[in-house]
Amino acid sequence: MNTATIASMEHSMFTLSGTTLAATGAQTVNAALLVSALLFAIGLVGFLSRRNMIIMFLCTELMFQASALALIAFGKVHHDLSGQVFVIFILTVAAAEAALALGLVVLLYRRRETLDSEAWSELRETA
Amino acid sequence: MTENLSSDRTQPVTTHHMSSPPSLTLVLLEAASGLSPAVQLTIAAAICAAGLAMLMQPEGRKLRIAGTVLGLAGFAMLFVEVLKRASPAGADTGLPPVFPVVFGFLALAGAVRMITHPRPVFAALYFILVVIATAGMFLLLGAEFMAFSLVIVYAGAILITYMFVLMLAQQSPVAGVGDAWYDRMPREAISAVIVGFVMLATLSDAYFSQKSQDLRNETLVRTEPTGTAEAWARLDQMPKLLLETARKADASIASVESLDAKTGTVSARTADGAPVQVVLGADDLPDNGRQVGVDLVSKFPAGLEIAGVVLLMALFGAVILARKQIELGEDERRGLAGMRRLTVEGEAGGAAGGAR
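> Outline the overall build of chain A, listing residues and values.
The number of helices and strands found in chain A is 4 helices and 0 strands. Reading the helices (α) and strands (β) of chain A from amino to carboxyl end gives α-α-α-α. Looking at chain A as a whole, 55% of its 127 residues qualify as buried. Partitioning the intrachain contacts of chain A with sequence separation of at least 6 by distance along the chain shows that 50% fall at a separation of at least 24.

Here you go:
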């Protein structure tokens, strides 16, 4: 049993068979999915907790990044390039969003002379 | 027997990862090893969240160091949890995945520093680190084109825009106090971290339950031949490249007749008209950039057009939003709209003009 395990380990170490490649592929995919989930969560926390409007939009970019990573990882699972094509569209949307959001931020900054999002808190519903 | 083997197989991977993070992970892993995977993942996510919450506190160096340690331990525990069940049943992974883990830690460290750094410019720089680490992950996943375009578009274009706006709108640090207070003080840090933790726990339970991991592994192995066949089919859509590739295999080929997508066999003719058959190898597959390009224009032509329109609209929108606003009185606006100017004396006449 023990020698068999060692032998199989040696086998996989020295001859990269198809299943071994699939196994490392699976580990890469799982690591990528984990990183994407964590990046999305961190981006969400940042968006909720930062006051600087520019950093808030930077956090949305972080969430875009996370979803792009998930798309590419799932594309790898299905051996389908559509995932990568969708990332091109994500890049497009991110670029458009950055242009518009930053234009808005500059506009808001001109009105109140601060980047603090609390300066606009009268827009919220009063409790 | 297989059960036994698989439990043996996980050992080297686990010990490898335990050696690098602090010993706290070791203790936690020991305590958590008896629990079900979902509970373990939730605990690991909770540790991450606690570390993040401590890191976000503005004061207290010791608290932040403890937060760093706790956050690293949580990340390491999540990685170990996920990776030890990652490989398909029956496959033996002798090599631990060094690069995905390294890039993953770089990306996560950059992201955490980005949302905790009090200076916005540094936060943007840390975001570039995240982008580069993610591009590394893309490379490992075989998406070379997207990796490079990510670095070019994000780090090269979008982040530069952010930098410019930061420099336009950033308040200079106040002497003696430091950075602006709204950059130092997080808003509702604890609630934000709780929201993030709930999302992470839900996501990781959906992504990394034993069932979905097994399903993913099975799909990964099953779709490999289909993926190759699709790649050959894409090569078939590029006649010029196909001819070039076939010529590389056999220089006497003058024209290509067909390509069998299942086997990668090219039926061709030489200059005299004699039929030739060449079997192409995996090295002859078109590279990732060409394949993505063919996929983009053949599968999503409408999406491509709409993306162009979206970018154009964003350009117009940004120009209109960001130009200098001149405050006009009501009278000037009436004049611009082609209506008769109001005067203070002739208010009644102006009202009649508006009704007209």
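Moving on, there is more to tell.
> Give a detailed account of the overall build of chain B, specifying residues and quantitative values.
Of the regular secondary structure elements, chain B holds 15 helices and 3 strands. Across the 356 residues of chain B, 33% fall into the buried class. A separation of at least 24 residues holds for 57% of the contacts in chain B among residues at least 6 apart in sequence.

> Tell me about the pairing of strand 3 (residues 275–279) of chain B, and please be specific about residues and values.
With 0 of 5 residues buried, strand 3 of chain B is to be regarded as a mostly surface element. Connecting the antiparallel pair strand 2 (residues 265–270) of chain B and strand 3 of chain B is a turn made up of 4 residues, with Gly273 of chain B showing a positive phi of about 95°.

> I'd like a description of unusual backbone geometry, backed by residues and values.
All names here are of chain A. The phi torsion at His79 lies on the positive side, around 50°, for a residue other than glycine. Relative to the helices and strands, His79 resides in the loop between helix 3 (53–78) and helix 4 (82–112). Of note, the phi angle at Glu113 is positive, near 60°, even though the residue is not glycine. Locating Glu113 in the fold gives a position in the segment after helix 4.

> Can you explain the packing of helix 3 (residues 37–55) of chain B against helix 9 (residues 189–208) of chain B? Please cite residues and give values.
All names here are of chain B. In contact at an axis separation of 9 Å, helix 3 and helix 9 are set at 155° when each is read in the N-to-C sense. The orientation of helix 3 relative to helix 9 falls into the category roughly antiparallel. The element helix 3 and its partner helix 9 pack so that their crossing is right-handed. Contact residues: helix 3 offers Ala38, Leu41, Thr42, Ala45, Ala46, Ala49, Leu52 and Ala53, while helix 9 offers Ala189, Ile190, Val193, Gly196, Phe197, Leu200, Ala201, Ser204, Asp205 and Phe208. Partitioned by chemical class, the residues of the contact of helix 3 with helix 9 number 14 nonpolar, 3 polar and 1 charged.

> Which residues make up helix 4 of chain A, and what values go with them?
Between its first and last C-alpha atoms helix 4 of chain A spans 44 Å; for 31 residues at 1.5 Å apiece the expected length is 45 Å, and the two agree. Of the residues one or two after helix 4 of chain A, Glu113 of chain A is the one with positive phi, at around 60°.

> Explain the sheet that holds strand 2 of chain B residue by residue, including any values.
All names here are of chain B. A sheet is described by the order of its strands in space; here 3 strands give the open sequence 1-2-3, paired in antiparallel fashion. Looking at strand neighbours, the two that pair on one side only are strand 1 (253–260) and strand 3, the edges of this open sheet. Each neighbouring strand pair of the sheet contributes to a mean axis angle of 30°, computed without reference to strand direction. With 6 bridges joining them, strand 1 and strand 2 adopt antiparallel strand pairing. Bridge pairing in strand 2 places Ile253 opposite Thr270. The strands touched by helix 11 (residues 239–249) within the sheet are strand 1, strand 2 and strand 3, with strand 1 carrying the most contacts at an inclination of about 110°.

> Quick rundown of the confidence of the model for chain B? Include the residues and the values.
Residue and element names in this part refer to chain B. Per-residue confidence for chain B averages 79 on the pLDDT scale, and 81% of its residues sit at or above 70. No element of chain B has a lower mean pLDDT than helix 1 (residues 2–19), at 42, and none a higher one than helix 6 (residues 120–140), at 93. Note on residues 1–21: pLDDT is under 50 here. Beyond four places in sequence and across chains, it has 21 contacts. Below a pLDDT of 50 lies the segment residues 348–356, which in the model reaches 3 contacts outside its immediate sequence neighbourhood of four places, other chains included.

> Could you give an account of the packing of helix 4 of chain A against helix 13 (residues 301–322) of chain B, with specific residues and numbers?
In contact at an axis separation of 9 Å, helix 4 of chain A and helix 13 of chain B are set at 10° when each is read in the N-to-C sense. The angle between helix 4 of chain A and helix 13 of chain B places the two elements in the roughly parallel class. Of the residues in helix 13 of chain B, those touching helix 4 of chain A at Phe89, Thr92, Val93, Ala95, Ala96, Ala99, Leu100, Gly103, Leu104, Val106 and Leu107 of chain A are Gly303, Ala307, Val310, Leu311, Ala314, Leu315, Gly317, Ala318, Leu321 and Ala322 of chain B. When the residues that make up the contact of helix 4 of chain A with helix 13 of chain B are grouped by side-chain class, the tally is 17 nonpolar, 4 polar and no charged.

> Go over the confidence of the model for chain A, please, and point to the residues and values.
Residue and element names in this part refer to chain A. In the predicted model, chain A carries a mean pLDDT of 81, and 80% of its residues have values of at least 70. Ranking the elements of chain A by mean pLDDT puts helix 1 (residues 2–14) last with 46 and helix 3 first with 93. This stretch, residues 6–18, has a pLDDT under 50; its non-local contacts, to residues over four places away or in other chains, come to 10 contacts.

> An account of the environment of Leu125 of chain B is needed here, citing residue identities and associated values.
Residues and elements named next belong to chain B. With respect to the helices, strands and loops of the structure, Leu125 is situated in helix 6. Under the C-beta neighbour-count criterion, Leu125 is labelled partly exposed, with 16 such atoms within 10 Å. On a C-alpha basis, the gap between Leu125 and Met163 in space is 9.0 Å, while along the polypeptide they are 38 residues apart.

> Quick rundown of the environment of Val151 of chain B? Include the residues and the values.
Residues and elements named next belong to chain B. Secondary-structure assignment places Val151 in helix 7 (residues 144–169). A count of 17 C-beta atoms within 10 Å places Val151 in the partly exposed class. As a C-alpha pair, Val151 and Lys211 span 60 residues in sequence and 35 Å in three-dimensional space. Those residues in contact with Val151 that sit more than four places away from it in its chain are Val131, Ile132, Ala135 and Gly156.

Calculation rules
Residues numbered from 1 in each chain as written. Chains lettered and ligands numbered in written order. Predicted model: local features only at pLDDT ≥ 70, side-chain atom pairs only at ≥ 80, totals over all residues. Helix = DSSP H or I, 4+ residues; strand = E, 2+ residues; numbered from the N terminus. Buried ≥ 20, exposed ≤ 12 C-beta atoms within 10 Å, placed from the backbone. Contact = placed C-beta atoms within 7 Å. Pairing = 2+ DSSP bridges. Axes fitted to C-alpha atoms, helices over the stretch in contact; angles between N-to-C directions. Parallel < 35°, antiparallel > 145°, perpendicular 65-115°, else oblique. Left-handed = near helix turned anticlockwise from the far one by under 90°. Nonpolar A, V, L, I, M, F, W, Y, C, P; charged D, E, K, R; others polar. Expected span 1.5 Å × (residues − 1). pLDDT = per-residue confidence, 0-100.

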